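Here are the chains, one letter per residue:
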Amino acid sequence: MTEIAVENEAELPSGAIKIHPPEDFEGMRVAGRLAAQCLDMLTEHVAPGVTTQKLDDLVREFVFDHGALSATIGYRGYRHASCISLNHVICHGIPGPKALKKGDILNIDVTVIVDGWHGDTSRMYFAGKPKVKARRLVETTYDAMMAGIAAIRPGGSLRDIGRAIQTLAEAENFSVVRDFCGHGLGRAFHAPPNIVHYAEYKDRFGTAHSAPETELKPGMFFTVEPMINEGKPDVKLLKDGWTAVSRDRSLSAQFEHSVAVTEDGVEIFTTSPKGLHKPPYA
């Protein structure tokens with residue numbers, strides 16, 4: 001995969017990775033902060049009896065009230081300002097009239113656009129008190145994401161990120177979802193590189209798969225967003241074309257940050273301004 005610096009991402013050759021100059025960082029900081037503030041706002045609203053549509057309405061209102069746009073509304077026909085993935089839903093859950101129940105765990109994923117820059121982040125929430133293993137899954141998923149981010153440094157590789165995530169998750173006897181990955185972003189919602197959350201694995205046919213060893217360079221912007229399953233990593237896509245669930249219906253959790261490779265490490269654009277990084281939230 002080729003890394004190249006250009007003024008306009010639309011001018012990049014297919015598969016090329018945008019290397020952003022220092023002046024692009026501030027736009028991503030503003031967008032990332034607003035996305036994180038949106039997730040902070042939701043912490044007091046997630047509770048048994050609240051519908052996922054109500055939570056999505058709150059996201060939509062927050063984003064528009066702050067003069068931003070939602071990247072997901074209208075994206076490939078999607079009509080909502082968030083994805084809300086409940087219990088065994090891995091990702092891309094569609095908000096609707098379903099009310100949360102006590103003990104539910106859920107991921108809320110939002111992407112805002114501020115002056116053309118994308119802030120993309122997701123966080124887990126508890127509706128009431130979850131079961132012990134559900135809480136451990138959520139905590140492990142957060143720790144795995146942060147381990148992957150801690151592995152980011154110039155001169156390192158994409159495989160370093162996946163290795164850190166996979167090692168931590170599997171040590172807790174959980175599995176890393178292989179079918180979805182993080183992605184580059186900036187003025188584009190999705191761009192190279194793909195950020196897989198494993199180093200290597202063998203599929204059910206015995207074929208070995210490895211994460212790319214693409215070198216990390218200052219100015220790369222991308223998301224780290226591991227999905228970790230309580231059971232097996234296998235995925236099933238529902239008929240709506242969006243909702244991905246664990247095939248064995250085991251619980252799934254996900255966290256996501258937008259980050260940049262810097263000259264001496266990594267910068268997280270979507271850190272919670274209120275310190276509400278993972279549940280339970282005060």
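Cut-offs and rules
Residues numbered from 1 in each chain as written. Predicted model: local features only at pLDDT ≥ 70, side-chain atom pairs only at ≥ 80, totals over all residues. Heavy atoms only, no water. Helix = DSSP H or I, 4+ residues; strand = E, 2+ residues; numbered from the N terminus. Rg over C-alpha atoms; globule rule 2.2 N^0.38 Å. Buried < 20%, exposed > 50% of the residue type's maximum accessible area, 1.4 Å probe, protein only. Areas by Shrake-Rupley, 256 points an atom, 1.4 Å probe, with all protein chains shown as cover. Lys, Arg positive; Asp, Glu negative; His and termini not counted. Charge placed at Lys NZ, Arg CZ, Asp CG, Glu CD. Pairing = 2+ DSSP bridges. Axes fitted to C-alpha atoms, helices over the stretch in contact; angles between N-to-C directions. Parallel < 35°, antiparallel > 145°, perpendicular 65-115°, else oblique. Left-handed = near helix turned anticlockwise from the far one by under 90°. Contact = heavy atoms within 4.5 Å. Nonpolar A, V, L, I, M, F, W, Y, C, P; charged D, E, K, R; others polar.

Enquirer: Explanation requested: the overall build of the protein in the structure shown.
Expert: A tally of helices and strands in the protein yields 4 helices and 19 strands. Its C-alpha radius of gyration of 18 Å places the protein within 12% of the 19 Å reference for a compact globule of 282 residues. Burial statistics for the protein: of 282 residues in total, 56% are counted as buried. When the accessible surface of the protein is totalled, it reaches about 12600 Å², and 50% of it is carbon and sulfur. Charge-centre separation for the protein: the mean point of 31 positive side chains lies 10 Å from the mean point of 36 negative side chains.

Enquirer: When you look at the sheet that holds strand S16 (residues 244–246) in this model, what are you seeing that I'm missing?
Expert: Neighbouring strands of a sheet are bound in pairs by backbone hydrogen bonds; such pairs are parallel or else antiparallel. Across the sheet, which stays open at both edges, the 3 strands sit in the order S5-S16-S15 with antiparallel pairing between neighbours. Where the open sheet ends on each side, the last strands, each with one partner, are strand S5 (89–91) and strand S15 (235–237). Shown here is a sheet whose adjacent strand axes are inclined to one another by a mean of 40°, direction ignored. Bridge count between S5 and S16: 2 bridges; the pairing is antiparallel. Residue Cys 91 lies in a different strand from S16, and its bridge partner there is Ala 244.

Enquirer: Explanation requested: the pairing of strand S4 (residues 83–86) in the structure shown.
Expert: Sheet faces and side chains relate simply in a regular strand, where the side chains alternate between the two faces. Burial along S4 is two-sided: Cys 83 and Ser 85 and Ile 84 and Leu 86, pointing in opposite directions, are all buried. Pairing geometry for S4 and strand S6 (residues 104–114), over 4 bridges, is antiparallel. Residue Ser 85 lies in a different strand from S6, and its bridge partner there is Asn 107.

Enquirer: Explain the packing of helix H3 (residues 132–150) against helix H4 (residues 158–171) here, please?
Expert: Two measures define how a pair of helices packs: the angle their axes make with one another and the distance between the axes. Between H3 and H4, the least distance of the axes is 7 Å, while the angle of their chain directions is 155°. Taken together, the axes of H3 and H4 are roughly antiparallel relative to one another. The crossing of H3 and H4 is right-handed. Counted together, Thr 140, Asp 143, Ala 144, Ala 147 and Gly 148 of H3 and Ile 161, Ala 164, Ile 165, Leu 168 and Ala 169 of H4 form the full contact between these two elements. In the contact of H3 with H4, the residues fall into 7 nonpolar, 2 polar and 1 charged.

Shape descriptors only; they carry no functional weight alone.
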